[in-house]
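# Chains, contacts and geometry: an overview
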Amino acid sequence: GVRVYNAVWEQTKPQGTSGYSTEYYILDTNGFYVLSESVWTDAPAGQYVSAQIKDMGEGLIHNANAPAAYEAGTVLSDGSLVLRVYYNRKRISVEWKDYDGRLLDKEQYYYSETPSYKKATPARRDTALASYAFDGWTPTVGKATKDVIYTAKYKETPKTYHIRYDLNGGEKTNEDYPESYTTD
């Protein structure tokens, strides 16, 4: 059968030292903060310390105003001081436009989230010369890393017209009188 194992990792302070922990939280694409890493730092009891604000990578912004942020404090002899640093994901603007530049929708996504068009599939009216079928977006939809505009693209199929001749008793040859034509 299938076995599932759960591991619990707990950071322990080295015996006989004082210091503090710093926990780094990152906002995931579902809007929840997730612990990314925890770092132990040796420091003497009674010392006032501040968390190191790290560069956590492209698309992440330090959020000192997160409700549970606690970025400075006094080191306790039992090592129980825990500093908490939070990072938000950048918000990316995504516009969806039709082939003619008309805005279909505008949304916000978290950095590295993959956008998806949530409205009805765009449709382009047929003309006398061609019919059109939706054929995706340009550029190709991928993870959001910068503001982007996606434009609907369509596959064009030339229309075929069938011809019927009335020659009043005359003779017709295929070379002289085609039975169909397209606008190609």
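What counts and how
Residues numbered from 1 in each chain as written. Predicted model: local features only at pLDDT ≥ 70, side-chain atom pairs only at ≥ 80, totals over all residues. Heavy atoms only, no water. Helix = DSSP H or I, 4+ residues; strand = E, 2+ residues; numbered from the N terminus. Pairing = 2+ DSSP bridges. Contact = heavy atoms within 4.5 Å. Axes fitted to C-alpha atoms, helices over the stretch in contact; angles between N-to-C directions.

## Observations regarding unusual backbone geometry
Trans peptide bonds make up the majority, and among non-glycine residues the majority have a negative phi. Thr-138 connects to Pro-139 through a cis peptide bond whose omega is -5°. Assignment of secondary structure puts Pro-139 in the loop between β9 (130–138) and β10 (148–158). Not every positive phi belongs to a glycine, and Ser-112 is a case in point at roughly 75°. Topologically, Ser-112 is positioned in the loop between β8 (103–110) and β9.

## What to know about the pairing of β10
Two strands pair when backbone bridges link them, and strand β7 (residues 91–97) and β10 are joined in this way by four bridges, in the parallel orientation. Directly across from Trp-96, in β10, lies its bridge partner Tyr-150. Summarising the sheet, β9 and β10 pair through seven bridges and their orientation is antiparallel. Its bridge partner being in β10, Ala-130 is matched across the sheet by Pro-158.

## Some thoughts on the environment of Lys-106
Mapped onto the secondary structure, Lys-106 falls in strand β8. Placed twelve residues apart in sequence, Lys-106 and Val-94 show a C-alpha to C-alpha distance of 5.7 Å. Look past the residues within four positions of Lys-106 in its chain and what remains in contact with it is Ser-93, Val-94 and Glu-95.

## Let's talk about the sheet that holds strand β2 (residues 33–42)
Reading across the sheet, the four strands line up as β2-β1-β6-β4 and stay open at both edges, with mixed pairing between neighbours. A strand with exactly one partner marks an edge of an open sheet, and here the two such strands are β2 and β4 (60–62). Averaged over all adjacent pairs, the angle separating strand axes in this sheet is 25°, with direction ignored. Across three bridges, β4 lies against strand β6 (residues 82–89) in antiparallel orientation.

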